[in-house]
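What the coordinates show
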Amino acid sequence: MTWIRTVIVLVAALVLLSPLAAEAQDYPTKPIEIVVPFTPGGGTDLIARLLADYMGKKWGQPILVANKPGGGGIIGARAALKDSRPDGYTVLIDIHTTSSMHIGAWKTPQLTLADRKYAARIVRDPMVFAVKVDAQWKSFKELSDWVKAHPDQLIWSSVGPSGPSRYTAFDWFTQIGVDPSKTRMVITEGAADSLTKLAGGHVLLSIHSVAEAHALTTAGKIRLLAVLSPSRVKYLPDVLTAEEQGVMKGVRVQWWAAVAFPSATPDPIVKKWESAIAEMTKDPAFLAGADRINMNIDFLNAADMRAFVEKEVEGYTDMAGKIGIRR
């Protein structure tokens, strides 16, 4: 009577899945909160607001952006992934800092990959090296030579103790032969805070994404010396790559942003976001908005995104051990 048992199992599965499918079909029926684990004005905040605008119009529900900074992004990420109801009405803009870099830096991380479900990646953006607009260095090569001669005078900003700025700086210091412990790192609350400190002369160097540095570059407050990319980027055609200037080889760190949910969120709801984001990243109006903030849109579906982050975790675990920040 094997066939009878098979039918019973299938019927039971349908009974269990039907409410979830129906829930996803009606979803959303009330406002959604998108958690940004950093201060307003940074890259994570900018892409969250573009996403909220698109999804709000698509689904006819208010999409609210909530900035919850602190702890290098972990406070906000934890609030979204661990402390909220897994019903699809709390969404996290997850980035490298709150996922792969955090996991790589901690033997017992506060958040693991098992704590989230990815819907999709939206952005992948190169890092840039920025100085104050009237800084003495006219090229990345000049800055690198100065740092080699005066490492104890370099004051640079990082978003959290294990963020992209720190990993990128470590890669740079290693390649030019500078001991990172001789430089001074200033930890900030987010890219906006970091770049404001740069423009104000409180630090000499900031390392952030193209999109994050765009506003102050356009305003004439900071100057970009190099982009960490295999080739020049379309938004910065006159900014040479680090490799073009003979300073660094390869790209080990990149900025990205994805949409993630608590791990117990129903799959049909996550799938609905995945499909909607796929449509969004082809929408001309959304792409025009991304162009205005120099954000490089680069969609990855849920399965590929998870594989991408798992590979990053391996790389950052290795780097964190070499930096001496894995604990």
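In this report, we go over the structure that sits alongside the text. Residue numbers restart at each chain and count upward from 1, following the sequence in its written direction. Where local features are concerned, this predicted model is filtered to residues with pLDDT of at least 70; where side-chain atom pairs are given and counted, the filter is 80 or more; whole-chain, interface and lining totals use all residues. Side-chain figures throughout are based on the complete set of non-hydrogen atoms in the structure, without hydrogens or water.

**Thoughts on the sheet that holds strand E10 (residues 255–262)**
- Spatially, 6 strands are ordered E2-E1-E3-E10-E4-E11 in an open sheet, and the strand pairing comes out mixed. Here the strands that pair on one side only, and so sit at the sheet edges, are strand E2 (63–67) and strand E11 (297–301). Taking each pair of neighbouring strands and ignoring which way they run, the sheet shows an average axis angle of 25°.
- Sheet strands in contact with helix H2 (residues 43–59) are strand E1 (32–36), E2, strand E3 (90–95), strand E4 (116–125), E10 and E11, and its direction is about 165° off that of E2. Strands are treated as partners if at least two bridges between them are detected by DSSP. Only DSSP runs of H or I reaching four residues or more are called helices, and only runs of E reaching two or more are called strands; each is numbered from the N terminus. In this description, a line fitted to the C-alpha atoms serves as the axis of each element, helices being fitted only across the stretch in contact, and the angle between N-to-C directions of two axes falls anywhere from 0 to 180 degrees. Pairs of residues are marked as contacts when any of their non-hydrogen atoms sit within 4.5 Å.

**Some points on the pattern of salt bridges**
- Take a side-chain nitrogen of Lys or Arg and a carboxyl oxygen of Asp or Glu: if they are within 4 Å of each other, that pair is a salt bridge. Per the counting criterion, the structure on display carries 18 salt bridges.
- Lys117 is the partner of Asp267 in a salt bridge, and the nearest nitrogen-oxygen pair spans 2.6 Å. Here Lys117 lies in strand E4 and Asp267 lies in helix H9 (residues 267–280), a separation of 150 residues in the sequence.
- For Lys117, a relative accessible area of 22% gives the class partly exposed.
- Across the salt bridge formed by Lys197 and Asp193, the nearest N and O atoms sit 2.7 Å from each other. A residue pair is termed a helical-turn pair when its members lie 3 or 4 positions apart in one helix, as Lys197 and Asp193 do in helix H7 (residues 191–199) at 4 residues.
- Given a relative accessible area of 25%, Lys197 falls into the partly exposed group.
- Salt bridges here are not isolated pairs; linked through shared partners, they connect Arg121, Arg124 and Asp298. Here the term buried applies to any residue with accessible area under 20% of the maximum for its type, exposed to any over 50%, and partly exposed to those in between, with areas from a 1.4 Å probe on protein chains only.

**Observations regarding the layout of surface pockets**
- Residues are said to line a cavity or pocket when one of their atoms sits within 4 Å of a point; the points come from a 1 Å grid over protein atoms alone, cavities being sets where a 1.4 Å probe fits but cannot get out and pockets being open sets with protein on both sides within 12 Å along at least five of seven lines. Grid points are joined across faces, edges and corners, and a volume is the space filled by probe spheres set on the points. Considering only enclosed or pocket space, the largest pocket measures out at about 210 Å³ in volume.
- The wall of the largest pocket is formed by Val251, Arg252, Val253, Gln254, Phe308, Lys311, Glu312, Gly315, Tyr316 and Met319.
- In this count, Pro and Cys sit with the nonpolar residues alongside Ala, Val, Leu, Ile, Met, Phe, Trp and Tyr, while Asp, Glu, Lys and Arg are called charged and the others, Gly among them, polar. Of the residues assigned to the lining of the largest pocket, the class counts are 5 nonpolar, 2 polar and 3 charged.

**Notes on the packing of H2 against H9**
- Contact geometry of H2 with H9 gives a least axis separation of 11 Å together with a crossing angle of 110°. Comparing the axis directions of H2 and H9 gives the class roughly perpendicular. In this structure, H2 contributes Leu51, Tyr54, Met55, Lys58 and Trp59 to the contact, and H9 contributes Lys272, Trp273, Ala276, Ile277, Glu279 and Met280.
- Each residue belonging to the contact of H2 with H9 can be placed in one class, and the counts come to 8 nonpolar, no polar and 3 charged. Orientation labels follow simple angle bins: below 35 degrees gives roughly parallel, above 145 gives roughly antiparallel, 65 to 115 gives roughly perpendicular, and whatever is left gives oblique.

**Details of the side chain of Thr98**
- Checked against the element boundaries, Thr98 lands in the loop between E3 and helix H4 (100–105).
- Classification of Thr98 by relative accessible area gives buried; the value is 0%.
- When sequence neighbours within four positions are dropped, the list of residues in contact with Thr98 reads Pro37, Phe38, Gly72, Gly73, Ile74, Ala77 and Arg116.

**Details of empty space enclosed by the protein**
- This structure, assessed with the given rule, holds 2 cavities of 30 Å³ or more.
- Approximately 130 Å³ is the volume attributed to the largest cavity.
- Residue lining of the largest cavity: 20 residues in total, with Ile95, Val159, Ala191, Glu212 and Trp255 positioned closest to the centre.
- Listed by contribution, the elements that provide at least two residues to the lining of the largest cavity are H2, helix H6 (164–176), H7 and strand E8 (205–209).
- The element that contributes the greatest number of residues to the lining of the largest cavity is H2, accounting for 3 residues.
- Looking at the lining of the largest cavity, its residues break down into 9 nonpolar, 9 polar and 2 charged.
- Estimated volume of the second largest cavity: approximately 40 Å³.
- Every residue along the wall of the second largest cavity is listed here: Val227, Leu228, Ser229, Pro230, Thr241, Ala242, Glu243, Met248, Gly250 and Val251.
- Among the residues forming the lining of the second largest cavity, the class breakdown is 6 nonpolar, 3 polar and 1 charged.

**Looking at the packing of aromatic side chains**
- Stacked, tilted and edge-to-face are the three classes assigned to paired rings of Phe, Tyr and Trp, where Trp is represented by its six-membered ring and a pair needs centres within 6.5 Å; plane angles under 30 degrees give stacked, over 60 edge-to-face, the rest tilted. Under the counting rule described, the total for this entry stands at 13 aromatic pairs.
- Residues Phe129 and Phe140 carry aromatic rings whose centres are separated by 4.4 Å and whose planes lie at 40° to one another, so their mutual orientation is tilted. You can see Phe129 sitting in strand E5 (residues 127–132) and its partner Phe140 sitting in helix H5 (residues 140–149), a full 11 residues away along the chain.
- Residue Phe129 is classed as buried on the basis of its relative accessible area, which comes to 0%.
- A relative accessible area of 0% places Phe140 in the buried class.
- Measuring from centroid to centroid gives 5.9 Å for Trp156 and Phe173, while their planes differ by 70°, and the two rings are edge-to-face. Residue Trp156 is located in strand E6 (residues 155–159), and its partner Phe173 is located in helix H6; the two are separated by 17 residues in the primary sequence.
- We count a charge as sitting over a ring when the NZ of a lysine or the CZ of an arginine lies within 6 Å of the ring centre and within 35 degrees of the ring normal. The positively charged end of Lys30 is found above the aromatic ring belonging to Tyr89, 4.7 Å away from the centroid.
- Lying across the ring of Phe308, Arg121 places its NZ or CZ 4.7 Å from the centre.

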